[in-house]
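Structural features, examined
What follows is each chain in one-letter form.
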Amino acid sequence: MPELPEVETVRRGLLPVMEGRRILRAEVNRPDLRWPLPERMAERLAGRRVAALRRRSKYILADLDGADVSGADLDGGETLLIHLGMSGRMLIAEAQVGVFHHALPAAEKHDHVVLTIEGGARITFNDARRFGMMDLWPTADLAAHPLLAGLGPEPFGNDFNETYLAERLRGRTMPVKAALLDQRIVAGLGNIYVCEALHDALISPERRVRDMTEAEIARLVPVIRDVLTRAIEAGGSSLRDYRQADGELGYFQHSFRVYGREGLPCLHPGCGGTVRRVVQSGRSSFFCPVCQR
Ligand SMILES: [Zn+2]
């Protein structure tokens, strides 16, 4: 399942072919993904220019300007929200001598939405399991979108800082892992990077928040940013323009320091511990019982 760094690398891959360009045509090949797709989606996208391509949590947000190809302002700017779900993939094919190609066969079964972009790129959203979603929502009112309204601050945002986190966590009885997965406290963190951040911070995922010192809570903020930054940079350095050879965006070989390493030695120098896996709220936590307390 794509987490924040993967979504961010998809966004960065889309930037050069989408931002500032017009969507010439949209093919919408089914009525729904996880939820119904917006009404008249193809019509509402056609001719719109992507004024900005942003990310909020694990959502990619394409702000469309209000004018269509003829310059007529129809119904004000809307934003296209995209969530990759469990298996959603974005593919870019660029026209070369007038022919579109990517290494995957054309018109695959799960190519649900295909955007033809001014300047010669074709962007395909493929999602075999259909847990992904797309929606269109007025840009001016985006903060009220039901999927965005309850989200806490972005991990890279100024609002996510030591003081904020200490206030949100004070006196809470939940394990720290559950607190960091709570999207109302901080947006966009998932199982993998919470495990990685707690390992970096030398804090056990099972520690109760109320038993943590202020210093330990403060330590989480830079560690979370570091872990996410390293993962995004790994995507940037292992892929050309954030793309794989076949045009797929955003997924990359990334080595985790604790996640998925059950039974292997802890990578903290001199620790000598062995990584353990426990299940918390139905999800695997990987941690080193020697150095994470
Ligand atoms: Zn260790």
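Residues numbered from 1 in each chain as written. Predicted model: local features only at pLDDT ≥ 70, side-chain atom pairs only at ≥ 80, totals over all residues. Heavy atoms only, no water.

- As annotated in an unreviewed UniProt entry, the chain carries the name Formamidopyrimidine-DNA glycosylase and is attributed to Haematobacter massiliensis.
- Under Subunit (unreviewed entry), UniProt gives the following word-for-word description of the chain: "Monomer." (UniProt positions renumbered as here; feature names shortened; annotations may be inferred.)

**Re the domain arrangement of the chain**
- Partitioning the chain into domains gives domain 1 (4-144) and domain 2 (162-287).
- If you look at the interface, domain 1 gives 23 residues, while domain 2 gives 18 residues.
- Approximately 1,800 Å² of surface area, both sides summed, lies buried where domain 1 meets domain 2, with 64% of it carried by carbon and sulfur atoms.
- Taken as a group, Pro-5, Glu-6 and Thr-9 account for 29% of the area that domain 1 buries against domain 2, more than any other trio of residues on that side.
- For the pair domain 1 and domain 2, the interface holds zero salt bridges.
- Remark: the boundary between domain 1 and domain 2 carries two residue pairs in polar contact (both at pLDDT 80 or more).
- Sorting the residues of the side of domain 1 that touches domain 2 by element identifies helix H1 (4-18) and strand S5 (88-96) as the ones contributing at least two each. (Domains from an automatic or database assignment. Contact = heavy atoms within 4.5 Å. Buried area = accessible area lost by both parts, 1.4 Å probe. Salt bridge = Lys/Arg side-chain N within 4 Å of Asp/Glu carboxyl O. Polar contact = N/O pair within 3.5 Å; in protein donor to acceptor, adjacent residues only side chain to side chain. Helix = DSSP H or I, 4+ residues; strand = E, 2+ residues; numbered from the N terminus.)

**What to know about the state of the cysteines**
- Going through the model one piece at a time under the given rule, you end up with zero disulfides.
- No disulfide involves Cys-195; its nearest neighbouring cysteine sulfur is the one of Cys-288, lying 13 Å away.
- Accessibility expressed as a relative area gives 3% for Cys-195, which makes it buried. (Disulfide = S-S within 2.5 Å. Buried < 20%, exposed > 50% of the residue type's maximum accessible area, 1.4 Å probe, protein only.)

**Some thoughts on the UniProt feature "active site" (unreviewed entry) in the chain**
- Residues annotated by UniProt as "active site" (unreviewed entry) correspond here to Pro-2, Glu-3, Lys-58 and Arg-283.
- When sequence neighbours within four positions are dropped, the list of residues in contact with Glu-3 reads Lys-58, Leu-189, Gly-190, Asn-191, Ile-192 and Tyr-193.
- Locating Lys-58 in the fold gives a position in the loop between strand S2 (50-56) and strand S3 (59-64).
- If sequence neighbours within four positions are ignored, Lys-58 has contacts with Pro-2, Glu-3, Leu-4, Val-7, Ile-82, His-83 and Gly-188.

**So, unusual backbone geometry**
- Its identity is not glycine, yet Arg-40 carries a phi of approximately 50°, on the positive side.
- For Ser-57, which is not glycine, the phi torsion reads 55° and is therefore positive.
- By the secondary structure assignment, Ser-57 is in the loop between S2 and S3.

**As for the coordination of the zinc ion**
- Coordination sphere of the zinc ion, protein contribution only: Cys-266 (SG), Cys-271 (SG), Cys-288 (SG) and Cys-291 (SG), at 2.2 to 2.3 Å.
- Around the zinc ion, the four donor atoms sit at angles spanning 102 to 116°, and that spread fits a shape best called tetrahedral.
- Read N to C, the donor residues that coordinate the zinc ion are spaced as C-x4-C-x16-C-x2-C. Residue Cys-266 is located in the loop between helix H6 (214-238) and strand S10 (276-280), and its partner Cys-288 is located in the segment after strand S11 (283-287); the two are separated by 22 residues in the primary sequence. (Donors = N, O, S within 2.8 Å, 3.2 Å for Na, K, Ca; no water. Tetrahedral: all angles 85-135°; square planar, octahedral: opposite > 155°, others 65-115°.)

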